[in-house]
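Residues per chain, in single letters:
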Amino acid sequence: MFNFKYYTPTKVVFGKDTETKVAELIKEFGGKKVLIHYGGGSVIRSGLMKRVTDTLDAAGINYIMLGGAVPNPRLGLVYEGIELCKKENVDFLLAVGGGSAIDSAKAIGYGVTNEGDVWDFYDYKREAKACLPIGVILTLSATGSEMSDSSVITKEEGLVKRGYSSDYSRPKFAIMNPELTMTLPDYQTACGCTDIMMHTMERYFTQGGNMELTDSIAEGLLRTVMNNAKILVKDPKNYEARAEVMWAGSLAHNDLTGCGNDGGDWMAHKLEHELGGLYDVAHGAGLAAVWGSWARYVYKNCLPRFKKFAINVMGVENSGTDEEIAVKGIEALEAFYREINMPTNLRELGVNATDEELAEMAHKCAVGVGGAMGSAKLLNEDDMLAIFRACK
Ligand code: NZQ
Ligand code: ZN
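Residues numbered from 1 in each chain as written. Chains lettered and ligands numbered in written order. Predicted model: local features only at pLDDT ≥ 70, side-chain atom pairs only at ≥ 80, totals over all residues. Heavy atoms only, no water.

Draft legend 1. Spatial organisation of the overall build of the protein chain. For the protein chain, the helix and strand inventory stands at 16 helices and eight strands. For the protein chain, the C-alpha radius of gyration of 20 Å lies close to 21 Å, the compact-globule estimate for 392 residues. Seen through its C-alpha atoms, the protein chain measures out along the principal axes to roughly 65 × 40 × 40 Å. Here the protein chain holds 392 residues, and 59% of them are scored as buried. For the protein chain, long-range pairs separated by at least 24 residues make up 77% of all intrachain contacts whose partners lie at least 6 apart in sequence. One finds the centroid of the 41 positive side-chain charges in the protein chain at a distance of 2 Å from the centroid of its 52 negative side-chain charges. (Helix = DSSP H or I, 4+ residues; strand = E, 2+ residues; numbered from the N terminus. Rg over C-alpha atoms; globule rule 2.2 N^0.38 Å. Buried < 20%, exposed > 50% of the residue type's maximum accessible area, 1.4 Å probe, protein only. Contact = heavy atoms within 4.5 Å. Lys, Arg positive; Asp, Glu negative; His and termini not counted. Charge placed at Lys NZ, Arg CZ, Asp CG, Glu CD.)

Right, here's the structure in full:
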């Protein structure tokens, strides 16, 4: 087991009607003037925002609002949010929505508390020294941003999508009511389940040594998400299934499933970020589209863990060569993606990429990771291009 740090300062308040606790939680963490940040309006249409503002009004908490965080949230709105917070002396951010609203709030939080251009952090030029405190009311189980240290922002100029991680941005509290996810389109539910699994798998397919407990948690989490994702395809209003998926989403990305590994692989995510940047696809669907091609490209270099995954997660029989078992595991996961209506290549994702675009994405990806990255297998620009070509 490698040395590790495990830091999860987020207070989780989980279950039905928990959004009614928002005012007392904001007060507990010292918020006096709040910016409520949200996306394209689903939280207004569902009636959630009215319940939230009524609760804040009743508690006498001052707030202003800024909507408009789009999937693959944009830097322009982050700048707008920073100016607004400075002008209005905002001291607490409340993100109401999915990963995009939360990530956009995190970037605003950095921008308010640090001098200079906030993009510098996402461009890996310098480190943030602080972030405004953030609370979350989660409406989409997917990114784990409600407990994670990361945020992903897209710069409009050049469509550059980059992630930045810092403990300062870990939310102070996360309100998670599984009922709030019941208004999601089925496609977003499936994208979320895919993303949750990928956060665990990025930490699983490594060259790490012995991680018995961490592996058991990871394998159990993956089996749980698959079971419940299949239930939700047929029965989207199933509360218990929504609850299992929601809790899995947080545990998949609060580092629990990475304790003792070598930092993880993360190349499927880096490849997807290029797809999200260029074609504005949903993050989970982009991950499903590249995963099989990535897995086939790297599995021989990480055979023991692909075999373990096939047997312990996908239920493949332990017979035949290790390579045969590993490939059956990859095929079984792709079959699961199809079962929940996720794409397994770019065409199914609705992306008809030209050779030039594939080369552009591979180049931007290689620049973004500083040349080469990956634990299952170290990948350079040529490898990235080969994977993009294979999933066309
Ligand atoms: O914008 P609104 O109107 O709210 O609609 C959203 C959006 O259209 C809708 N939605 C959310 N909750 C809903 C709902 N519709 C009906 N009912 C609800 N309860 O769903 C759509 C997608 O929302 P979004 O927030 O974009 O999705 P997600 O949570 O998947 O976030 C994706 C973003 O997070 C990044 C991704 O790259 C992408 O930019 N990631 C962030 C991570 C992190 N911070 O730790 C890690 C991830 O790996 C990921 O990269
Ligand atoms: Zn993700």
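Draft legend 2. Spotlight on the environment of Asp 355. Mapped onto the secondary structure, Asp 355 falls in helix H15 (residues 355-368). It is 37 Å that separates the C-alpha atoms of Asp 355 and Gly 315, two residues lying 40 residues apart in sequence.

Draft legend 3. Representation of the nonpolar core. Core analysis: the biggest nonpolar cluster contains 70 residues, and Met 201, Phe 205, Trp 291, Trp 294, Phe 306, Phe 309 and Leu 333 have the highest contact counts within it. Among the elements that take part in this core, helix H11 (residues 283-298) stands out by supplying nine residues, more than any other. Aside from chain neighbours lying at most four places away, what touches Phe 309 is Met 201, Tyr 204, Phe 205, Leu 222, Trp 291, Met 314, Gly 329 and Leu 333. Counting residues in each nonpolar core, the second largest holds 35 residues, with Ala 105, Ala 107, Ile 153 and Met 246 among its members. (Core = buried A, V, L, I, M, F, W, Y, C linked by side-chain atoms within 4.5 Å.)

Draft legend 4. Here's a closer look at the coordination of the zinc ion (ligand 2). With distances of 2.0 to 2.2 Å, the protein atoms coordinating the zinc ion (ligand 2) are Asp 195 (OD), His 199 (NE2), His 269 (NE2) and His 283 (NE2). If you list the donors of the zinc ion (ligand 2) from N- to C-terminus, the spacing comes out as D-x3-H-x69-H-x13-H. Placement of the pair is His 199 in helix H7 (residues 186-204) and His 283 in helix H11, with a sequence separation of 84 residues. The class for His 283 is buried, based on a relative accessible area of 18%. (Donors = N, O, S within 2.8 Å, 3.2 Å for Na, K, Ca; no water.)

Draft legend 5. Representation of the site of ligand 1. Close to ligand 1 lie 33 residues, the nearest being Gly 40, Ser 42, Gly 99, Ser 100 and Asp 103. Taking Asn 72, its side chain carries an N or O atom lying 3.5 Å from an oxygen atom of ligand 1. When ligand 1 sits alone it has 960 Å² of accessible area, and the protein chains cover 89% of it. Among the secondary structure elements, those contributing two or more residues to the shell around ligand 1 are helix H2 (42-45), helix H5 (99-113), strand S6 (150-155), H7 and helix H10 (267-279). A breakdown of the residues in the shell around ligand 1 according to their chemical character gives eight nonpolar, 21 polar and four charged. (Near = heavy atom within 4 Å. Polar contact = N/O pair within 3.5 Å; in protein donor to acceptor, adjacent residues only side chain to side chain. Areas by Shrake-Rupley, 256 points an atom, 1.4 Å probe, with all protein chains shown as cover. Nonpolar A, V, L, I, M, F, W, Y, C, P; charged D, E, K, R; others polar.)

Draft legend 6. How the structure looks around the packing of aromatic side chains. One pass over the full model with this rule turns up 19 aromatic pairs. Taking 5.6 Å as the distance between ring centres and 25° as the angle between the ring planes, the aromatic pair formed by Phe 121 and Tyr 164 counts as stacked. Of this pair, Phe 121 sits in helix H6 (residues 119-122) while Tyr 164 sits in strand S7 (residues 160-165), and the two are 43 residues apart along the sequence. With respect to burial, Phe 121 and Tyr 164 carry one shared label: buried. In textbook terms, an aromatic cluster arises when at least three aromatic residues are bridged by ring pairs, as seen for Tyr 204, Phe 205, Trp 291, Trp 294, Tyr 299, Phe 306 and Phe 309. Looking at Lys 16, its charged tip hangs above the ring of Tyr 239, at a distance of 4.4 Å from the centre. In this structure, Arg 305 packs its charged tip against the face of Tyr 204, placed 4.6 Å from the ring centre. (Phe/Tyr/Trp six-rings, centres within 6.5 Å; stacked < 30°, edge-to-face > 60°. Lys NZ or Arg CZ within 6 Å of the ring centre and 35° of its normal.)

Draft legend 7. Molecular detail of the sheet that holds strand S3 (residues 62-66). If you trace the six strands from one edge of the open sheet to the other, you get S1-S8-S5-S4-S2-S3, paired in parallel fashion. Either end of the sheet is taken by a strand with one partner, and the two such strands are strand S1 (11-14) and S3. Going across the sheet, the axis of each strand differs from the next one's by a mean of 20°, ignoring polarity. Examined bridge by bridge, S1 and strand S8 (residues 173-176) share four bridges and lie parallel to one another. Considered in S8, the bridge of Phe 14 is made with Met 176. On the sheet, helix H4 (residues 75-88) packs against strand S2 (33-38), S3 and strand S4 (92-97) and is oriented at approximately 160° with respect to S3. On the sheet, helix H9 (residues 239-253) packs against S1, strand S5 (134-138) and S8 and is oriented at approximately 175° with respect to S1. (Pairing = 2+ DSSP bridges. Axes fitted to C-alpha atoms, helices over the stretch in contact; angles between N-to-C directions.)

Draft legend 8. Highlighting the environment of Glu 357. Structurally, Glu 357 can be placed in helix H15. Here the alpha-carbon distance between Glu 357 and Gly 39, two residues 318 residues apart in the chain, equals 29 Å. Not counting residues within four places of it along the chain, the set of residues in contact with Glu 357 comprises Leu 278, Tyr 279 and Asn 352. Polar contacts involving the side chain of Glu 357 include one to the side chain of Tyr 279, which spans 2.9 Å.

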